[in-house]
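Structure assessment
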Amino acid sequence: MSTTSIMKRRSFAGLLQNNTALGVMFMLPAGVFLLCFLTYPLGLGVWLGFTDTRIGRDGVFIGLENYRLLFDDSVFWLSVFNTILYTSVASVLKFGLGLWLALILNEKLPLKSFFRAIVLLPWVVPTVLSALAFWWIFDSQFSILSWSLIQLGLIDQPINFLGDSNNARASVIAANVWRGIPFVAISLLAGLQTISPSLQEAASLDGATSWQRFRYVTLPMLTPIIAVVMTFSVLFTFTDFQLIYVLTKGGPVNATHLMATLSFQRGIPGGQLGEGAAIAVAMIPFLLASILFSFFGLQRRKWQQGGSE
Amino acid sequence: MNVSSPANVAPVTDNVEGMGYVSNLPRRIVTIYLPLAIFVFVLLFPFYWMTITAVKPNSQLTDYENYSPFWVVGPTLDHIKYLLFETSYPGWLVNTMVVAVGATVLSLAASIFAAYAIERVRFTGSRQVGLLIFLAYLVPPSILFIPLAFIVFKFGIYDSKLALIFTYPTFLIPFCTWLLMGYFRSIPFELEESALVDGASRWQILVKIILPLAVPGLISAGIFAFTLSWNEFIYALTFIQSSENKTIPVGVLTELVRGDVFEWGSLMAGALFGSLPVVILYSFFVDYYVSSMTGAVKE
């Protein structure tokens, strides 16, 4: 027993010296890729934001000119407002409905794994393609939603889903929530399944109502995973592009333009690469803030739970 | 956690519900089955609508007076025929497949080495590299596409499938590496130690011990990466110009939607057929999907 452990130590000692070399070699493919196509573009994007580059013409450094222009640009501020509105409303709804669905799926159900599989479908299918289905569902004349509501006698004429500013905002948020619920629900369900049923039983023996069991047992145990899931959800909602591009392309009158879609519109069809990059860079502080927020929220929770897990 | 309940006055009552073994049926119907049914209906309805539209004859498509919109009388294959024989759709399907497989294989290979190096070689700074990989996962494509378009253009691969195969790994490698790190971590160190003692090289250990044990992880990462590449939109929209190089999401949106007259039938057929490959893949590997999704979120 002691001889083998000595031998182990020796062979490890021999390897330890070239571990760094070995590690670098193994990291090389991924490292080169990420440096080339992730780190470099990230830096280049920040640089482009300070230039007046257009498609087909290299730009020159113009300092903060792009940002000054954006600062006076009401469309840009509208897109910031839209992005924040879109992200906050959609995230809250996704969280609420996702948690509800997760709690339902955590109950004893017949065909449970079947339901779980079905529920994840909206998330698996390409967003652009499901957004096309929503486009058809939100059609101004032949919307199935309008038709059903008219048949039920709730409204008199078709709803102009994507033509009116506030309707359009609500419609894109609804489509985003539809796509986002499965991710939240299935992730939280995985978290719920790690909570030991004996805790629930103990609480109910102590006379806790179902609401109390949820509030004081389930929710605190679930908080760390909620923080991570919602960080991801907020990040992806904040930088959403596909849904808006398919459903409204930012219209009507920029009412649904998000920062990502505005960045695309100014940068690629508009040809103003510098300005588009500046808008994209303007998203970074928001993203960092949400990551830090959830990171520190998570730390605090761990500490509150006495550092367990 | 102090539970402020009248625990001392009320003993355990017989109507403690929601624990599975003590709940009564009518209550379960209202609190569980009904909401579940509504959720499932809402989540699936767009797919039903997509399917029914794809096989509806044009005359019924907008005629809600004479035909119930929820059903179809005399389904037609015209839209699907049009899609397959009169548009570039089959070509886009092949492109998407090539790009998704290429990007997945490339990312998986790079990620296996990276994850193994970070998790098991434990070189100086491996923890920091692991953290950087996680942060790279959080960088969204929406802030990268403009500078990437610039780089792709400089590399001379603009408007080619290579542009997509090389740029998709920017989000696939961080994800796959992060996922595989978790799988590699769960493989006992002792196996590797005994192989080292027997004189195996790191390469042999990786190929003969770690990889066979990490097959579920590889499947999870692979199918997930494939799905993400299949669904990718913003890079494909930005880097591809010519019709023959487009992927499904871009092709359907930019070429099947034209003018003011929407051909909803063929559009929905395009959406349906574009979704089918990932849905079929998904149906075979549901558990792997769930584990990769939750694996990415854990820790």
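What you see is a predicted model, and the numbers here were worked out from it, not measured in a lab. (Residues numbered from 1 in each chain as written. Chains lettered and ligands numbered in written order. Predicted model: local features only at pLDDT ≥ 70, side-chain atom pairs only at ≥ 80, totals over all residues. Heavy atoms only, no water.)

1. Details of the nonpolar core
By size, the foremost hydrophobic cluster in this structure holds 191 residues, and its most contacted members are A:Leu101, A:Leu132, A:Leu247, B:Tyr168, B:Phe184 and B:Tyr235. The greatest single-element share of this core, amounting to 14 residues, is contributed by helix H4 (residues 89–121) of chain B. Here this core spans two domains, and each of domain 1 (21–76) and domain 2 (82–294) of chain B adds at least three residues to it. In contact with B:Tyr168, other than residues within four places in its own chain, are B:Val99, B:Ala103, B:Ser229, B:Glu232, B:Tyr235 and B:Ala236. (Core = buried A, V, L, I, M, F, W, Y, C linked by side-chain atoms within 4.5 Å. Buried < 20%, exposed > 50% of the residue type's maximum accessible area, 1.4 Å probe, protein only. Helix = DSSP H or I, 4+ residues; strand = E, 2+ residues; numbered from the N terminus. Domains from an automatic or database assignment. Contact = heavy atoms within 4.5 Å.)

2. Considering the UniProt feature "transmembrane region" (unreviewed entry) in chain B
All names here are of chain B. Following the UniProt record, one finds the feature "transmembrane region" (unreviewed entry) at residues 29–49, 92–117, 129–153, 165–184, 205–228 and 267–290. Secondary structure within residues 129–153 divides into 72% helix and 0% strand; the distance between the first and last C-alpha atoms comes to 29 Å. Helix makes up 96% of residues 205–228 and strand 0%. Its end C-alpha atoms lie 30 Å apart. (UniProt positions renumbered as here; feature names shortened; annotations may be inferred.)

3. A few points about the interface of chain B and chain A
The partner chain A presents 104 residues to the 105 residues of chain B that form the contact. Buried area between chain B and chain A, summed over both chains or domains, comes out near 9,600 Å², and the portion from carbon and sulfur atoms is 82%. In this structure, the connection of chain B to chain A is made through 2 salt bridges. Across the pair B:Asp287 and A:Arg116 runs a salt bridge whose closest N-O atoms are separated by 2.9 Å. Joining chain B to chain A, the criterion identifies 8 residue pairs in polar contact (both at pLDDT 80 or more). Sort the elements by how many residues they give to the side of chain B that touches chain A and helix H1 (residues 25–54) of chain B lands first, with 16 residues. Its residues assigned to classes, the side of chain B that touches chain A shows 82 nonpolar, 16 polar and 7 charged. (Buried area = accessible area lost by both parts, 1.4 Å probe. Salt bridge = Lys/Arg side-chain N within 4 Å of Asp/Glu carboxyl O. Polar contact = N/O pair within 3.5 Å; in protein donor to acceptor, adjacent residues only side chain to side chain. Nonpolar A, V, L, I, M, F, W, Y, C, P; charged D, E, K, R; others polar.)

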